[in-house]
Amino acid sequence: MTIRTRFAPSPTGFLHIGGARTALYNWLYARKNGGKFILRVEDTDAARSTDESVQVILDGLKWLGLDWDEGPGQDGDYGPYYQSQRGDIYDSYLAKLEKAGLVYEDEGAIRFRVPDKEITVHDKVCGDVTVNLHTSGSKRFDEETKKEVEANPDIVIRRPDGSYIFHFVNVVDDLEMKITHVIRGEDHLSNTPKHLALFEAFGVEPPAYAHIPLNLNPSGTKMSKRDQGALIHEYVESGFLGSAVNNYMALLGWSSGDDREVFSPEQLLESFDLAGVNKSNSKFDYTKCLWVNGEHLRALSIPDLKEVAAPFLSLANIDSNDPRVPDALELARERAQLLSEIPQVINP
Ligand code: GLU
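Below: a short report on this structure.

## Quick notes on the site of the ligand
The full set of residues close to the ligand is Arg 6, Ala 8, Ser 10, Glu 42, Phe 166, Asn 170, Arg 184 and His 188. Measuring from a nitrogen atom of the ligand, one finds a side-chain N or O atom of Glu 42 at 2.6 Å. Between the ligand and Asn 170, the relevant distance is 3.0 Å, taken from an oxygen atom to a side-chain nitrogen or oxygen of the residue. Relative to its unbound accessible area of 300 Å², the ligand is 80% covered by the protein chains. Tallied by class, the residues present in the shell around the ligand amount to two nonpolar, three polar and three charged.

## Focus on unusual backbone geometry
Residue Pro 80 follows Gly 79 across a cis peptide bond; omega there is -5°. Examined against the element boundaries, Pro 80 turns out to sit in the loop between helix H2 (51–64) and helix H3 (87–99). Backbone geometry places Lys 178, a non-glycine residue, at a positive phi of 55°. Mapped onto the secondary structure, Lys 178 falls in the loop between helix H4 (166–176) and strand E10 (181–185). Its relative accessible area of 48% is what places Lys 178 among the partly exposed residues.

## Let's talk about the sheet that holds strand E3 (residues 103–106)
With antiparallel pairing, the three strands of this open sheet are ordered in space as E3-E4-E9. The open sheet is flanked by E3 and strand E9 (155–158), the only strands paired with a single partner. The sheet shows a mean angle of 45° between the axes of neighbouring strands, direction not considered. Where strand E4 (residues 109–112) and E9 come together, three bridges link them in antiparallel fashion. Opposite Arg 111, over in E9, you have Val 156 as the bridge partner.

## Some details on the packing of helix H1 (residues 17–32) against helix H7 (residues 242–251)
In contact at an axis separation of 9 Å, H1 and H7 are set at 90° when each is read in the N-to-C sense. Here H1 is positioned roughly perpendicular relative to H7, judged by the angle of their axes. Here Ile 17, Ala 20, Arg 21, Leu 24 and Tyr 25 of H1 lie close against H7, whose contacting residues are Asn 246, Met 249 and Ala 250.

## Remarks on the pairing of E3
Pairing analysis gives four bridges linking E3 to E4, with the strands arranged antiparallel. By the bridge assignment, Asp 106 is partnered in E4 with Ala 109. Connecting E3 to the next strand, E4, in antiparallel fashion are two residues, including Glu 107 with a positive phi near 50°.

## Observations concerning the pairing of strand E5 (residues 118–123)
Of the two faces of E5, the one holding Ile 119, Val 121 and Asp 123 is buried and the one holding Glu 118, Thr 120 and His 122 is not buried anywhere. Where E5 and strand E6 (residues 127–132) come together, six bridges link them in antiparallel fashion. Across the sheet, residue His 122 finds its bridge partner in E6, namely Asp 128.

## Things to note about H1
With 16 residues, H1 extends 22 Å between its outermost C-alpha atoms, agreeing within 8% with the 22 Å of an ideal straight helix rising 1.5 Å per residue. Burial within H1 is extensive, with 13 of its 16 residues counted as buried. At the C-terminal side of H1, Gly 34 shows a positive phi close to 65°.

## Comments concerning the packing of aromatic side chains
Under the criterion given, the structure shown has 11 aromatic pairs. Arranged with centres 5.1 Å apart and planes meeting at 85°, the rings of Tyr 93 and Phe 202 form a pair that is edge-to-face. Remark: Phe 202 occurs in the loop between helix H5 (192–201) and strand E11 (208–212) and Tyr 93 occurs in helix H3; sequence separation between them is 109 residues. Between Tyr 164 and Phe 168, the aromatic rings sit 5.1 Å apart at their centres with planes inclined by 20°, giving stacked as the arrangement.

## Here's the deal with the nonpolar core
Of all hydrophobic cores here, the largest spans 69 residues; its most connected members are Leu 61, Trp 254 and Ile 342. With nine residues, the top contributor of residues to this core is H1. Excluding its chain neighbours within four sequence positions, the residues that come into contact with Leu 61 are Phe 7, Leu 15, Ala 23, Leu 39, Leu 66 and Trp 68. Within the second largest apolar cluster, 32 residues are counted, among which are Tyr 81, Leu 189, Ala 197 and Phe 202.

The rules behind the values
Residues numbered from 1 in each chain as written. Predicted model: local features only at pLDDT ≥ 70, side-chain atom pairs only at ≥ 80, totals over all residues. Heavy atoms only, no water. Near = heavy atom within 4 Å. Polar contact = N/O pair within 3.5 Å; in protein donor to acceptor, adjacent residues only side chain to side chain. Areas by Shrake-Rupley, 256 points an atom, 1.4 Å probe, with all protein chains shown as cover. Nonpolar A, V, L, I, M, F, W, Y, C, P; charged D, E, K, R; others polar. Helix = DSSP H or I, 4+ residues; strand = E, 2+ residues; numbered from the N terminus. Buried < 20%, exposed > 50% of the residue type's maximum accessible area, 1.4 Å probe, protein only. Pairing = 2+ DSSP bridges. Axes fitted to C-alpha atoms, helices over the stretch in contact; angles between N-to-C directions. Parallel < 35°, antiparallel > 145°, perpendicular 65-115°, else oblique. Contact = heavy atoms within 4.5 Å. Expected span 1.5 Å × (residues − 1). Phe/Tyr/Trp six-rings, centres within 6.5 Å; stacked < 30°, edge-to-face > 60°. Core = buried A, V, L, I, M, F, W, Y, C linked by side-chain atoms within 4.5 Å.

In structure tokens, the structure reads:
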């Protein structure tokens, strides 16, 4: 079996460190196991999904060196890789459920009948999670009585306006794209029983699941785009190296089992394993991320450092071909944590 993993971002205009870490784990797992890494754009929210918001994700992944085998700009056998272009596929899968009598109309929406039985997610990180979707007590707020009432447990899979709901398209795509391992944020663990019910309805074996712990900010709440270190494009501008950001992101939720914290790209590939993914949430630590970057800078040869530092030297009007630059870079390499600090070390 060829391992097939995927990163399935919903474009929001940013590549957030949490998403980038998910992409990294999927990429590492595929590359390490001789598999394929697929990039699928979950752009069903037309208002947010502009070309620019997709481009930010593609640029961020390229900068991190997380290349995809199938996806935008990289055709494969299971495209298109934008959900907005897969409407016919979704219609044909809805027809299968209709034929099997597993869906019904409800005020213009289409609902999928959830089975009245226990469903167990065998998660590779979180362990077993068992739930009966039919009786697990979903609630809704009733406007008339102003009280919480039992909600219909059957899942809406298509809205009255004809657009499909996340759970349905996510499952259809994982099935159609022959995804074998779904590695994603723990916030999706509670959705997974619904996804397993859909896989069963289609008569198909589900992929393996691994939900990775959330990445929290230093105050212990979910990291938002306003937190320092949250957005990948800021790392590019601040003078981080992609290899160092990958290294730090890998440590946010995984450990190699020994005390090592600095990994070259090759070492990371060699060491990464789902078994080393932590069960508890991680806390983002910008100081440590800077330290990791400094270590990666020090591992560069002077010609390599010159190449990556060139844009920052040129911003400071330093000609990187000046014959004095290599010696200056030797010194800067010892002292700087960021490429953007190098001009300051050279020309204090
Ligand atoms: N588009 C979903 C998200 O960005 C993907 C979830 C998944 O990986 O299955 O959260």
